[in-house]
Amino acid sequence: MQNGRLTARFTKDEFLALPRHVLCEYGLRAIHLDSIPVQGSPFIDSVSSAGVKQFTENRQNTEPVQNTLSVVNLSFGYGKTCLFHNLNYTFTSGQVYGIIGMNGTGKTTFAKILCGLIRQKKGTVIFSTKKLSAVKRKRLIYYLANNADSNLFGVSAIEELKLNAPFAELHAVQVLLDEYRLLEKAEAHPFSLSGGQKQRLTLAAAEMLDRGVFILDEPTSGLDAANMRIIAKRTAQLKQQGKIVIIISHDYEFLLASCDTILAMNKTGFTALCPKHDKEKILERMRGETAAN
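Calculation criteria
- Residues numbered from 1 in each chain as written.
- Predicted model: local features only at pLDDT ≥ 70, side-chain atom pairs only at ≥ 80, totals over all residues.
- Heavy atoms only, no water.
- Helix = DSSP H or I, 4+ residues; strand = E, 2+ residues; numbered from the N terminus.
- Contact = heavy atoms within 4.5 Å.
- Areas by Shrake-Rupley, 256 points an atom, 1.4 Å probe, with all protein chains shown as cover.
- Phe/Tyr/Trp six-rings, centres within 6.5 Å; stacked < 30°, edge-to-face > 60°.
- Buried < 20%, exposed > 50% of the residue type's maximum accessible area, 1.4 Å probe, protein only.
- Pairing = 2+ DSSP bridges.
- Axes fitted to C-alpha atoms, helices over the stretch in contact; angles between N-to-C directions.
- Lys, Arg positive; Asp, Glu negative; His and termini not counted.
- Salt bridge = Lys/Arg side-chain N within 4 Å of Asp/Glu carboxyl O.
- Core = buried A, V, L, I, M, F, W, Y, C linked by side-chain atoms within 4.5 Å.

**Section: the overall build of the chain**
Then comes step 1: Of regular secondary structure, the chain possesses twelve helices and ten strands.
Then comes step 2: Considering only contacts within the chain whose residues lie at least 6 apart along the sequence, 69% involve residues at least 24 apart.
Then comes step 3: Carbon and sulfur atoms make up 51% of the accessible area of the chain, which amounts to about 14,600 Å² in all.

**Section: the packing of aromatic side chains**
Then comes step 1: Applying the stated criterion to the full structure yields eleven aromatic pairs.
Then comes step 2: Consider the rings of Tyr-142 and Phe-214, whose centres lie 6.3 Å apart with planes at 50 degrees: the pair is tilted. Note that Tyr-142 is positioned in strand E6 (residues 141-144) and Phe-214 in strand E7 (residues 213-217), a separation of 72 residues in sequence.
Then comes step 3: Taking the relative accessible area as the measure of exposure, Phe-214 reaches 1% and is therefore buried.
Then comes step 4: Connected via pairs of aromatic rings, a cluster forms that spans Phe-76, Tyr-78, Phe-84, Tyr-89, Phe-91, Tyr-97, Phe-110 and Phe-270.

**A look at unusual backbone geometry**
Then comes step 1: Even without a glycine there, the phi angle at Ser-128 is positive, about 55 degrees.
Then comes step 2: Of note, Ser-128 is situated in the loop between strand E4 (122-127) and strand E5 (130-131).
Then comes step 3: Of note in the backbone geometry, Arg-181 takes a positive phi value of approximately 60 degrees without being a glycine.
Then comes step 4: With respect to the secondary-structure elements, Arg-181 resides in the loop between helix H8 (170-179) and helix H9 (195-207).

**What to know about the sheet that holds E4**
Then comes step 1: If you walk across this open sheet you meet the four strands as E2-E1-E4-E5, and the pairing is antiparallel. Either end of the sheet is taken by a strand with one partner, and the two such strands are strand E2 (81-92) and E5.
Then comes step 2: Where strand E1 (residues 68-78) lies against E4, five bridges are found, and the strand directions are antiparallel. The residue of E4 that forms the bridge with Leu-69 is Phe-127.
Then comes step 3: Each of E1, E2 and E4 touches helix H5 (residues 107-114); the most contacted strand, E1, lies at about 120 degrees to it.

**Examining the environment of Leu-23**
Then comes step 1: Residue position: Leu-23 is located in helix H2 (residues 20-26).
Then comes step 2: Leu-23 sits in the buried class, given a relative accessible area of 6%.
Then comes step 3: Sequence spacing of Leu-23 and Ala-226 is 203 residues, and the spatial spacing of their C-alpha atoms is 9.8 Å.
Then comes step 4: Apart from the residues within four sequence positions on either side, Leu-23 is in contact with Phe-15, Leu-18, Leu-28, Arg-29, Ala-30 and Ile-31.

**Observations regarding the side chain of Lys-279**
Then comes step 1: Along the chain, Lys-279 turns up in helix H12 (residues 279-292).
Then comes step 2: No salt bridge forms around the buried Lys-279; measuring N to O, its nearest opposite-charge neighbour Glu-280 is 6.0 Å away.

**Quick look at the sheet that holds strand E10 (residues 269-273)**
Then comes step 1: An order of E6-E7-E8-E3-E9-E10 is seen for the six strands of this open sheet, with the pairing classed as mixed. The open sheet has two free edges, formed respectively by E6 and E10, since each of these has just one partner strand. Pairwise comparison of adjacent strand axes, ignoring direction, gives a mean angle of 20 degrees for this sheet.
Then comes step 2: Two strands pair when backbone bridges link them, and strand E3 (residues 95-100) and strand E9 (residues 261-266) are joined in this way by four bridges, in the parallel orientation. Residue Ile-100 lies in a different strand from E9, and its bridge partner there is Ala-264.

**Considering the pattern of salt bridges**
Then comes step 1: One pass over the full model with this rule turns up nine salt bridges.
Then comes step 2: With a closest N to O distance of 3.6 Å, Glu-253 and Arg-20 form a salt bridge. Here Glu-253 is found in helix H11 (residues 252-258), whereas its partner Arg-20 is found in helix H2, with 233 residues between them in sequence.
Then comes step 3: Among the ionic pairs, Glu-207 bridges to Arg-234, the shortest N-O distance being 2.8 Å.

**Topic: the nonpolar core**
Then comes step 1: Counting residues in each nonpolar core, the largest one holds 48 residues, and the members touching the most others are Leu-161, Leu-177, Tyr-180, Leu-201, Ile-247, Tyr-252 and Leu-255.
Then comes step 2: Those residues within four positions of Leu-201 in sequence are excluded, and the remaining contacts are Leu-152, Ala-157, Glu-160, Leu-161, Leu-177, Leu-182, Pro-190 and Leu-193.
Then comes step 3: If you look at the next biggest cluster of nonpolar residues, it comprises 30 residues, including Val-71, Phe-84, Tyr-97 and Leu-114.

**What to know about the environment of Tyr-78**
Then comes step 1: Position of Tyr-78 relative to the elements: it lies in strand E1.
Then comes step 2: The spacing of Tyr-78 and Lys-121 is 43 residues in sequence and 9.3 Å in space, taken between C-alpha atoms.
Then comes step 3: With residues near it in sequence (within four places) discarded, Tyr-78 still touches Leu-83 and Thr-109.

Written out as C-alpha cells, the structure is:
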C-alpha cells in the first residue's frame, strides 16, 4: 500500500522469496530471522545527516567523557520472593547494551532500580567512582517506560520536546522532529498520534535531555521496519555522544541492529553475548524465551 492505494500483490511464495533490500524499500521487517544482519548494515552506518549535526554540534564540540555505570551485588525481591540476587556488571559509555530474558526475570525492575524509581533490597549503584543514591540516579539516568502514553505530557508534539528543554531553539526542536519523521505532526496533540508515532515522540523527547545514561524499555514496540531503523540510528547517535544506552527488548532485529553487547539476564547474573560472534546463541535464547512464555 502507498498513499492509500494497492501498488503490488504477491503470492505467499513470491513474498517469501523477496530479497532483504526489497523488504527494506517496502518498510517491512525481515521474514527469516536467520538472515538478519548485525549492526554495521547500511541503514545504521549512515547515522549523521545535516539535521543531526545541527542538533548535536554543541554536544560534540568536546571529546565525550568516558564513564562507567556499575551495579555491585544488586538484589531485589517482593516479600520472601527473590526476583534477582547479587547482580554485578559494569556498563561503559559509548556503548549500547541490550538486555534479554524471560518475562518475570526482573528486567524492568532492574531498570527502575538503576534510575532510582525503585529502591534495591541490597547492593550499590556506582557511576564512575561515586556511589549514587536513588535521588541522584533520577537526575543522571533517564528511563523511558514501555507505555508511551505514560511518557506524554505536552499539548502538542513540539511542546512535548520543549518540556524537556525549555530554552532549546525552535529550529533545533524541528530538526529533531524531522529526524523522527514527526515534523508534519508538530502541532498535533500527542494523544491524537498513532501508537508508533507516540513511541517515536517519547524517544525524541528523551533525546532533549542531556543525560549520561538512557534506559529504553521496549522502544520499538509497535514499530514497522522503517521506523525501527530510525530508532536504531538515533540510538547510534547517542552512542557517538558518549552516552551509556541500555535497551530492554524482545525485538531480535532491533537488538542486532543497535547493540554492541547483549546481556541475557537471569536471577543470579548476566551472560554477555556479542551480536557479531554469538548471533546464533542470542537467537536460540530468545526463541527459548518465547517458548517458555
